[in-house]
Amino acid sequence: MKVGVIGLGYWGPNLVRNFLAHKDVKKVIACDIKENRLQLIRDKFPAAELSKDCQSLIDGDADIIVISTPVDAHYSLAKKSLEAGKHIWVEKPFTSTSKEAEELIEIAERKNLKIFVDHTFIYNGAVIKIKELIDRNELGNIIYFDSERINLGLFQRDVNVIWDLAPHDLSIMTYLLAKHKVKALVANGIANFKGKENLAHICIYFEDNCFAHFHVNWVSPVKIRRIIVGGDKKMLVYDDMENFEKIKVYDSGVEFKSTESIHEALVQYRIGDMFSPKVNQTEALGLGTQEFISAIKENREPITNGKDGLGVIRLLEAADISLANMGQIVELKN
């Protein structure tokens, strides 16, 4: 296969490297209008071809077009690529609006082309292990999902902190809690600089009384990447900043010994053992490229496809509506 990568900023070189390393990829063409970015690829990956003309790349003989540009360019480049008969890989968030995402999905289905949305963490070894634990009912019934993704910078010119950071954890939540149906969403936040929210909280309510909370922040003095998943049997902490023991599973919980009210019931707090399961250390982006190419060869939808991207966009749009109305509840339909 031949792969064209459009956009060689922060993430682009990683994409070039991983596609070059795939055994089924015969050629990678790296495209950007900035000469210094092309020079970086020339120095680091001399096997890659270079281009400054994305339209010629789209019209050429590439089988896959990878779009790693700011989100406001995703839709136009993706649409041109699909109409040219190319499979597409699009960085998160998939598009700027759900309407754009729906149109791209329709074109891909009509032309039997595949869309891969790079929700990278779905291919992370820790997240894969958490999915296994949940599917094996190790945690029991999931009662909450609590996520914190905060750091100092980087401010984005085109999106607020929710659109920048929350897609990671929203996609993880959607993947892990696939059996839980979203009911409503609330978002609160503040824009201290240039009119775009730099700190926000999102709360998601599910039909089965499960609850999810997300804290995203560009102006934190510390960097935190942590998720807690609470079940009625066990609970786990996933700390992506840990070099070892990224997942810790706790045999902890709350047990009620009667059916009386919480104030009258005998409450027992269970504090048991902790264990840290082994996690696959394979680079998530490498597993993602393998999944996309396998999906194309097998003519099936990849794990993170256009519809998954659309689902996250709908949550982001609902969050924007709630933010604009100071935390108004927004009901969601599955």
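Owing to the predicted nature of the structure, the values given are computational and were not obtained by experimental measurement.

(A) Main features of a nonpolar patch on the surface. Side chains of Leu-152, Phe-155, Phe-193 and Val-219 sit close together on the surface and give an oily, nonpolar patch of about 400 Å² of accessible area. Relative to the helices and strands, Phe-155 resides in the loop between strand S7 (142-152) and helix H7 (161-176). Its relative accessible area of 42% is what places Phe-155 among the partly exposed residues.

(B) Geometry of unusual backbone geometry. Cis geometry marks the peptide bond from Lys-92 to Pro-93; its omega dihedral reads -15 degrees. Inspection of the secondary structure puts Pro-93 in the loop between strand S5 (87-91) and helix H5 (98-111). In this model, Asn-137 sits at a positive phi of 65 degrees, which is unusual for a non-glycine residue. Inspection of the secondary structure puts Asn-137 in the loop between helix H6 (125-135) and S7. Phi at Lys-194 takes a positive value of approximately 55 degrees, unusual for a residue other than glycine. Topologically, Lys-194 is positioned in the loop between strand S8 (182-190) and strand S9 (199-206). Judged by relative accessible area, Lys-194 falls into the exposed class, the value being 85%.

(C) The arrangement of the pairing of S9 in detail. Pairing analysis gives 8 bridges linking S8 to S9, with the strands arranged antiparallel. Across the sheet, the residue bridging to Ile-190 is Leu-199, located in S9. The turn linking S9 back onto strand S10 (residues 211-217) is made up of 4 residues, and Asn-209 within it adopts a positive phi angle of 75 degrees.

Conventions and cut-offs
Residues numbered from 1 in each chain as written. Predicted model: local features only at pLDDT ≥ 70, side-chain atom pairs only at ≥ 80, totals over all residues. Heavy atoms only, no water. Patch = residues over 30% accessible without salt bridge, like charges linked within 9 Å, V, L, I, M, F, W, Y side chains within 5 Å. Areas by Shrake-Rupley, 256 points an atom, 1.4 Å probe, with all protein chains shown as cover. Salt bridge = Lys/Arg side-chain N within 4 Å of Asp/Glu carboxyl O. Helix = DSSP H or I, 4+ residues; strand = E, 2+ residues; numbered from the N terminus. Buried < 20%, exposed > 50% of the residue type's maximum accessible area, 1.4 Å probe, protein only. Pairing = 2+ DSSP bridges.

The analysis is restricted to geometry; functional conclusions fall outside its scope.
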